[in-house]
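Listed below are the residues making up each chain.
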Amino acid sequence: MHLWPVGPVRHISDLRVDQAEVLYLSAATDLGDDGLFTSAVYIAGVFSVQGKQISFRQNPNLVTVYHLDNHKIEAIELVPEAAGGVFLGTDDENKGSSIFSGKDSLCEPPVLGR
């Protein structure tokens, strides 16, 4: 299993918990305002609530959900319902920003671009 990012790392650039209490996190390589960038979204684990007790079960092997070369993911948004989905926002500094939909192939151009 290959984990991204590598090099100068922002270990966590965003966190989001879905309706099933699954914790997603993004991490990014940031070599400065002109890049190079790479980033990924992982499933980090799951929360559970029993009464007033909250517990977290860490995923022993981070599961890569999305991987983006040349982009620095800094936002994860989980939109419910059939029309929703996973949306990833990037801040690529001098190279602009993008919004990707998790429904699209991440090899395709972004849904919205700079």
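Summary of the structure given here.

1. Notes on the packing of aromatic side chains
- Summed over all chains, the structure comprises one aromatic pair.
- Centroid distance Phe47 to Phe56: 4.8 Å. Interplanar angle 50°. Geometry classified as tilted.
- The class of Phe47 is partly exposed, set by a relative accessible area of 26%.
- Residue classification places Phe56 among the partly exposed positions, given a relative accessible area of 36%.

2. What to know about unusual backbone geometry
- A cis amide bond links Gly35 to the next residue, Leu36, at an omega of -5°.
- Examined against the element boundaries, Leu36 turns out to sit in the loop between strand S2 (22-30) and strand S3 (37-50).
- Notably, Glu21 is not glycine yet its phi reads approximately 70°, a positive angle.
- By secondary structure assignment, the location of Glu21 is in the loop between strand S1 (9-17) and S2.
- Look at Glu21 and you get partly exposed, because its relative accessible area is 33%.

3. A look at the pattern of salt bridges
- On inspection of all chains with the given rule, the structure shows seven salt bridges.
- Here Lys72 ties to Asp30 by a salt bridge, and the two come within 3.0 Å at their closest N and O atoms. A residue pair is termed long-range when its members are at least 10 positions apart, and Lys72 in the loop between strand S4 (53-69) and strand S5 (73-79) and Asp30 in strand S2 qualify at 42 residues.
- Here Lys72 makes a salt bridge to Glu74, at a shortest N to O gap of 3.4 Å.
- Classification of Glu74 as partly exposed rests on a relative accessible area of 24%.

Reading the values: the criteria
Residues numbered from 1 in each chain as written. Predicted model: local features only at pLDDT ≥ 70, side-chain atom pairs only at ≥ 80, totals over all residues. Heavy atoms only, no water. Phe/Tyr/Trp six-rings, centres within 6.5 Å; stacked < 30°, edge-to-face > 60°. Buried < 20%, exposed > 50% of the residue type's maximum accessible area, 1.4 Å probe, protein only. Helix = DSSP H or I, 4+ residues; strand = E, 2+ residues; numbered from the N terminus. Salt bridge = Lys/Arg side-chain N within 4 Å of Asp/Glu carboxyl O.

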